[in-house]
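Chains, contacts and geometry: an overview
Single-letter residue listing:
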Amino acid sequence: METLLRELGHAARGLNRSRGFTAVAVLTLALSIGANTTIFTWASAVFLDPLPGVADSGRVLVVQQKEPGNNEGYVSLSYPDYRDYRDRNTTLSGLAVTRNVMVSLESDGTPQRLYGQIVSGNFFDVLGVRASLGRTFAPEDDRAPGESAVLVISHAFWQRHFAGDANVVGRAVRLNKQPFTIVGIAPREFRGSALGMRLDVWVPVMMQAVVEPGSTRLEERGNRWLEGLGRLRPGVSRETARAELTQIAAQIGAERKTEAGRGRSVGLFPIARSPRGGGAVLGPVMLVLASVVGLVLLIACANVANLLLTRAVGREREMAVRLSLGARRRDLVRQLLVESLLLAALGGGFGVLLASWGEHALQAMLPPTDYPLGLAVGLNGRALGFTLAVTTLAGLVFGLVPALQATRGTTSGALREGSSAVAGGRRRQRLRNALVVTQVAASVLLLVTAGLFLRSLGNVRSFDLGLDLKGVGLASVDLVSSGYDSARGTAFYRELLERARALPGVESVSLVRRVPLGLGGSSSTSFEVEGYEAPKDDPAWAYVNNVGPDFLRTLGIRLVDGREFGPGDDAQHPEVIVVNETMARRYWQGGKAVGGRVRLGDDWVSVVGIARDTPFTSVQEPPGPTFYMPILQRYRPDATVLLRAHGDPASHQGALVGAIHALDPSLAVFGLRSLEDHVQASAFRQRLGSQVLGAFGVLGLALAMLGLYGVLAFSVAQRTREMGIRTALGASVATLLRQVLGEGLRLAVLGVLLGTGLALALGRLVSGLLVGVSPVDPATFAGTIGALLLAASLACAVPARRATRVDPAVALRHE
Amino acid sequence: MNASNDAMIKLEGLTKVFYTDEVETHALAGIHLEILRGEYVAISGPSGCGKSTLLSILGLLDSPSSGTYVLNNTPVQGLDLSQRARIRNREIGFIFQSFNLIGDLNVYENVELPLTYRGMKASERKDRVNAALERVGMAHRSKHLPSQLSGGQQQRVAVARALVGAPSILLADEPTGNLDSKNGDAVMDLMRELHRAGSTICMVTHDPRFARHADRTIHIFDGRVVEESTEAAAAPALA
Ligand SMILES: Nc1ncnc2c1ncn2[C@@H]1O[C@H](COP(=O)(O)OP(=O)(O)O)[C@@H](O)[C@H]1O
Ligand SMILES: [Mg+2]
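Owing to the predicted nature of the structure, the values given are computational and were not obtained by experimental measurement.

Take the overall build of chain B next. Within chain B one finds eight helices and 11 strands. Taking 18 Å as the expected radius of gyration for a compact globule of 239 residues, we find that chain B reaches 18 Å, a close match to that expectation. Seen along its three principal axes, the alpha-carbon backbone of chain B occupies a region of about 45 × 45 × 40 Å. Here chain B holds 239 residues, and 54% of them are scored as buried. If you take every contact in chain B between residues at least 6 apart in sequence, the share linking residues at least 24 apart comes to 70%. Entry remark: accessible area of chain B is about 10300 Å², with carbon and sulfur atoms responsible for 48%. Across chain B, the mean location of the 25 positive side-chain charges is 7 Å away from that of the 28 negative side-chain charges.

In structure tokens:
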């Protein structure tokens, strides 16, 4: 202990003596450790602590069903399905269901638009969440539809809106214009069960029909609208539970003697890995970011190791003297390691400071949407523990090799090295060179990836989406929370379309339920197609969207055949749909889709048009089969108005809101944005990727170039005498320049080759996040390599010039 | 005496002043000197009198503060950097007290170095390097690194490197200073042989034994030539 303290003191003095070295090393480490801590806090908010406030969230699993042959993968549960799973399983200690909803809450006149969840009565129990004030829901709240008009609000909303007033419990409010009572306040940390969202209000599932007037899906077995959340019983594995639930699914199918249940399987997913949750969106990005900061740390460690190696050369005599005084080699190694750990600790300390600052950067990079997005990012104990581990590891990694190297020499060896008869010592440089090659390789990898993301981002902007993005403005309304039924809602749409069309400068107006490329998810359905023999386990399916008249024209989607919807396609007329090219091709296989018929539920509806394919869920995916239904015929209360007008869409916003409020002044209008912004928001992962990777790529490049410069400058300084000899022997300035530049560039080229190889090999890991650019895109590679070699030439130019400035008469003086 | 009559080197009023930390050092204070083709000139004088400075200027490693230096009828003042490099490479061969071999290059590569700066063909370089190593008796060590050789052997390699390019003049700055007397003698014998074979040599030494090998000894004191002596006595011994 005493030795350790003495050595710490010794190390501190040593670092203090060489402040320049210490400053560069600590800064390098602080930046890279700070980056690692930051990304760790982000990733841990997704993977390790996806549901803050939930007890033991690792045992809470998302329950989803998979229909045989449905390409779309997993789907939600219907309420009757849920009841069966809940009552028959023995492997879960509890199974709850939730559905995210947007509601309007009125407590003192002004309605507040809030995001919340419809939840089963056992929701809070299953999650292990207790009210911080009042109560949560109880089994009574689950008993009969419409009876439990109670709600729990979030701690944040309580503070924000009620200023933390304890009398709020028991207060009567109106939710979607219906009377409710606040019965409890959720704990501070709890944000609901949707990863990546901060929700503010919870309502019992029995109140579904009140919250969503005009729809009574509680008892419909085919209506899958709920997400299951189960907690594993202690000692039960995920696989056991999954097998049991799949068996229950089969039982349900057998009892009801329908096709539906047969071959259905159940999937159980950790919160962060639910295929339709926030983790599915953020997970891959986090993975890329984590690898990136890992690389940055690697580069930084290589840099510091190089600095230490350089330092070690200057201390060889000191080491030789210590050895000759009887120190053992491991004493010296330990002393040097104490020094590098002290360096790492300083870097780690400053790194945490940087991270506390980067904590909020993620929130700033999340897309500008209407959803209350937000991760519970925080510098908690776990993050600090991680930082400590990374710091120690880094200290050992960058400290060990130089320590071994520095103490390898014998006394006489140090003397021989110190003699001046022989110039050079480049062989000792090998390790330093290897470190520089590693650094360059890692920064090629970083920069190539950043470049790919940057191109993706550009592509999202210029991609031929099959849409004409310019000049379209969006505004959303929510008729549910304002208590509209389908008759009133349809009338409202009709009138709004007419008024908006009459606004000055407007070319066309339409409505859409799901704006393409939004984050709001998608709906799909399976159906029968007249004249198409679907394989047994592969029923015809497609994405569905409800749209108004002139939808294709307003978005600039080309009509390939037939017609699009007009104002006459309403409930009084025969049901019609428009299909996209993929759907036409797939189910009419060369025949004519227009005039064909599809059975949706019990009704046969006719295809009246074919629209060009446009991506629906994401720009990355090829468009799937999709059909459009007239919203005036099949009412949906949650629509977005699309307005195509001359000039900047923003300049028409006021008029559009005015037109809506002229019809209903109390209606909340939200999500005012241009279609271009909307599509850009959908590219937020690419933006996140290119910004963060770009920043880290530049950091990595700077560190690598610093390393290259340092190694070369050191090598030139070490070889002042050699340069003098060469000059004396007649080497010209150009020859010397070429020699040193060549030496540096050889390292850079080796690094580039290695890095390019790695980037080619690892490219497919990011291909899922790229848009319209191949992970081996030659232009990106060429650009990156060119930029890197240019930077490397600059980094080498300074030492090279210094080599030519060596005064041979001085360098060769015999001292 | 095998010196012919044309002056290969002609110095007039050569001075060199070093400025360091506001101190002026007059290392050379008006040197007049001629060295003829084929001559063997020794330079001697106490430490710090300016011998090495003079040799650096002769070898175009440094420039005088004033005065003229004419080498092979060419005034060197007007030469640019690349012309000076070319002259160092072709006309001058250096031998240093501390050998100054490059530690990362083996014996062969060290000797080859001046030729590579000429862009000579590899096969020709090989012949020349081997001949030079042969001449100094180091051909059997061509793959060794300098650190694997004794001081005397290293200096012989340095001599080979100096003469491989067939320069007009060899400049040697206390070539035996780092050697024991036996090795020192061997290097001096080598120099004498080279001289007999026609080389022009200018060598700094303060060992009077070696100075006696030279045709002429120039004594420098405080940056000035104070005496010139011809070692006639030594001449019969050479014959
Ligand atoms: N680069 C230099 N800067 C300053 N002073 C120098 C430099 N080179 C030589 N001198 C000084 O010039 C004088 C002559 O040096 P030098 O030619 O090396 O002497 P010698 O070789 O005869 O021992 C000495 O006083 C020395 O200190
Ligand atoms: Mg000297």
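Don't stop here, the text continues.
Looking now at the confidence of the model for chain A. Reading fine detail from the predicted coordinates is not recommended where pLDDT is low. Averaged over all residues, the pLDDT of chain A equals 85, while 92% of them reach at least 70. In this model residues 410-425 of chain A is a low-confidence stretch, pLDDT under 50, and it forms 34 contacts with partners more than four residues away in sequence or in other chains.

Moving on: the site of ligand 1. For ligand 1, the set of nearby residues contains 13 residues, the closest of which are Arg813 of chain A together with Gly48, Lys51, Ser52 and Thr53 of chain B. Mapping the residues adjacent to ligand 1 onto the chains of the assembly identifies chains A and B. Taking glycine 48 of chain B, its main chain carries an N or O atom lying 2.7 Å from an oxygen atom of ligand 1. In isolation ligand 1 offers 560 Å² of accessible surface; the protein chains occlude 75% of this area. In terms of residue class, the shell around ligand 1 is built from four nonpolar, seven polar and two charged.

Further remarks concern the domain arrangement of chain A. Here chain A is described as being made up of domain 1 (68-263), domain 2 (426-459 + 685-815) and domain 3 (479-667). For domain 1 of chain A and domain 3 of chain A, the distance between their C-alpha centroids amounts to 29 Å.

Moving on to the confidence of the model for chain B. Residues and elements named next belong to chain B. Of the residues in chain B, 94% reach a pLDDT of 70 or more, and the chain-wide mean stands at 88. Looking at the elements of chain B, mean pLDDT is at its lowest for helix H8 (residues 234-238), recorded as 40, and at its highest for strand S4 (residues 66-71), recorded as 95. Every residue in residues 233-239 scores below 50 in pLDDT, and together they form four contacts with partners more than four places removed in sequence or on other chains. Our summary of model confidence lists the complex with pTM equal to 0.72 and ipTM equal to 0.82.

Helices that pack against each other are described as a pair by the angle of their axes relative to one another and the distance between those axes. Residues and elements named next belong to chain A. Close contact between helix H2 (residues 19-47) and helix H8 (residues 278-314) brings their axes to 9 Å; oriented N to C, the two are set at 165°. The pairing of H2 with H8 is recorded here as roughly antiparallel in orientation. Once H2 is placed against H8, the crossing between them reads as left-handed. The residue makeup of the contact of H2 with H8, split by class, is 22 nonpolar, seven polar and one charged.

On to the sheet that holds strand S10 (residues 216-221) of chain B, then. All names here are of chain B. Taken together, the six strands give an open sheet; going across it, the order is S6-S8-S9-S3-S10-S11, and neighbouring strands pair in mixed fashion. Each having just a single partner strand, strand S6 (92-95) and strand S11 (224-230) make up the two edges of the open sheet. On average, each strand axis in the sheet is inclined to that of its neighbour by 20°, with strand direction left out of account. On top of the sheet, helix H1 (residues 51-58) reaches strand S3 (40-44), S6, strand S8 (169-173), strand S9 (200-204) and S10; it is set at about 155° to S8, its chief contact. Here helix H5 (residues 151-163) sits on the sheet and contacts S6 and S8; the angle it forms with S6, its principal contact strand, is near 170°.

This part is about the sheet that holds strand S2 (residues 23-36) of chain B. All names here are of chain B. The antiparallel open sheet is built from four strands, whose spatial order is S2-S1-S4-S5. Every interior strand has two partners, whereas the edge strands, S2 and strand S5 (74-75), have only one. As paired strands, strand S1 (residues 7-20) and S4 are joined by five bridges and run antiparallel to one another. The residue bridging lysine 10 from the neighbouring strand is valine 70, located in S4. Of the strands in this sheet, S1, S2 and S4 touch H1, which is tilted by about 120° from S1.

What counts, and at which threshold
Residues numbered from 1 in each chain as written. Chains lettered and ligands numbered in written order. Predicted model: local features only at pLDDT ≥ 70, side-chain atom pairs only at ≥ 80, totals over all residues. Heavy atoms only, no water. Helix = DSSP H or I, 4+ residues; strand = E, 2+ residues; numbered from the N terminus. Rg over C-alpha atoms; globule rule 2.2 N^0.38 Å. Buried < 20%, exposed > 50% of the residue type's maximum accessible area, 1.4 Å probe, protein only. Contact = heavy atoms within 4.5 Å. Areas by Shrake-Rupley, 256 points an atom, 1.4 Å probe, with all protein chains shown as cover. Lys, Arg positive; Asp, Glu negative; His and termini not counted. Charge placed at Lys NZ, Arg CZ, Asp CG, Glu CD. pLDDT = per-residue confidence, 0-100. Near = heavy atom within 4 Å. Polar contact = N/O pair within 3.5 Å; in protein donor to acceptor, adjacent residues only side chain to side chain. Nonpolar A, V, L, I, M, F, W, Y, C, P; charged D, E, K, R; others polar. Domains from an automatic or database assignment. Axes fitted to C-alpha atoms, helices over the stretch in contact; angles between N-to-C directions. Parallel < 35°, antiparallel > 145°, perpendicular 65-115°, else oblique. Left-handed = near helix turned anticlockwise from the far one by under 90°. Pairing = 2+ DSSP bridges.

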